[in-house]
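Spelled out from the first residue to the last, the chains are:
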Amino acid sequence: MADRVVSREVLTVFFLCLLWYFVSSSNNVVGKMLLNEFPYPMTMTMVQLLSITAYSGPFFNMWGVRKFVDISWKYYLKLIVPLALGKFIASVFTHVSILKVPVSYAHTVKATMPLFSVILSRVILGEKQTLPVYLSLVPIITGVAIATATELSFDLMGLVCALAATLQHTLQNIYSKKVLHDTGVHHLRLLHILGRLALILFTPVWFYFDFREVFRNSILVTGEGYHIIMLLFADGVLSWLQNILAFSVMSMVTSLTYAVASASKRIFIIAMSLLILGNPVTGTNIFGMALAILGVLLYNKAKYDAREAEKKRTILPFSSTNHNHIDYQNQFYDRFVVNKPLINGAFNNNTNKLIAQFV
């Protein structure tokens, strides 16, 4: 019976991962097709924020996601508002990078997120990493450098925007983790809160930069604009679904499994974009992409090993002083934690994971 339950959970995770990869790849391909005909990245950001705001409330209520917790105005202004600002800034940079460079190259550059994570964690949180973690950054940097040097459609603005989006997403991860820990808000409710607030903050910016241009020069004002509207609608829905699927997978697996699944998703996106969009690449370019993704996988493994080593260092001092106490602790852990993972485990694990699919 237990084996049957485990098999069902494994199949569920496998199906959700496949669906996540498909939706994410479709979102990137649709986004690139849309930007080729409709070069207004700010309007795409506006549509995605509208989608999060419009769909999340009714869907989360129907799904039974617990309601928003009370947060003080001081905390709201200190962390929630900056996170919302960062959300639309990262989205705009992402869309500009996809407009300027191929999807495959943009996602290769995004593989530098561990590098930004190590630097920012050191500067902001004072965290030091192990030697294997630092060494894992070498293939990431080397792979991105090779991919950049051999990219046939290279554009400097595209590279800068991809790096800026990655930096902003890394900051989002660090401070989203802090908000989840401090407030206990459900991770999907936080997605809704940030999307709604980002929409409010971004609307004046969009009106100033894009509103008149969109309706003055774009294909939307012609009789052929219906397919652009359909692509905008599809992009908004796919972006929202991508967030939901990412969080669903995150709640069901360990941190390492999720990180590996996320890196695999990036491989899938790169492969699908090359296959469907057909942007020209060289063998050396593909090697650089593969090396960068391999570095991400090595980084995730090194981080996991470092966390496990830290847990052992925390437990070992007790084992030498009181064996009976440790035996009792192990019995308690086995009975109330290992054998009951679905009571609080999924949510508590989420509060310690980075929210990388606010993208």
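Described below are features of the structure shown in this document. (Residues numbered from 1 in each chain as written. Predicted model: local features only at pLDDT ≥ 70, side-chain atom pairs only at ≥ 80, totals over all residues. Heavy atoms only, no water.)

### Examining the pattern of salt bridges
Thinking step 1. Enumeration over the complete set of coordinates arrives at three salt bridges.
Thinking step 2. Of the charged contacts, one joins Lys 301 and Asp 305 as a salt bridge, the two residues approaching to 2.8 Å between their closest N and O atoms. Placement of both Lys 301 and Asp 305 in helix H11 (residues 283-319) is noted, with a separation of four residues, approximately one turn of the helix.
Thinking step 3. Overall, the relative accessible area of 41% leaves Lys 301 in the partly exposed class.
Thinking step 4. Using a relative accessible area of 35% as the deciding quantity, one classes Asp 305 as partly exposed.
Thinking step 5. We note a salt bridge from Lys 311 to Glu 308, for which the minimum N-O separation is 3.4 Å. On the criterion of helical spacing, the pair formed by Lys 311 and Glu 308 is a turn pair, its members being three residues apart in helix H11. (Salt bridge = Lys/Arg side-chain N within 4 Å of Asp/Glu carboxyl O. Helix = DSSP H or I, 4+ residues; strand = E, 2+ residues; numbered from the N terminus. Buried < 20%, exposed > 50% of the residue type's maximum accessible area, 1.4 Å probe, protein only.)

### Here's the deal with the packing of helix H5 (residues 113-125) against helix H7 (residues 156-183)
Thinking step 1. Axis separation between H5 and H7 bottoms out at 9 Å; the angle between their running directions is 50°. Taken together, the axes of H5 and H7 are oblique relative to one another. Helix-helix and strand crossings are classified by hand; for H5 and H7 the assignment is right-handed. Only Leu 163, Thr 166, Leu 167, His 169, Thr 170, Leu 171, Asn 173, Ile 174 and Tyr 175 of H7 make contact with H5, whose side of the interface consists of Met 113, Phe 116, Ser 117, Leu 120, Ser 121, Ile 124 and Leu 125.
Thinking step 2. Class assignment for the residues of the contact of H5 with H7 results in ten nonpolar, six polar and no charged. (Axes fitted to C-alpha atoms, helices over the stretch in contact; angles between N-to-C directions. Parallel < 35°, antiparallel > 145°, perpendicular 65-115°, else oblique. Left-handed = near helix turned anticlockwise from the far one by under 90°. Contact = heavy atoms within 4.5 Å. Nonpolar A, V, L, I, M, F, W, Y, C, P; charged D, E, K, R; others polar.)

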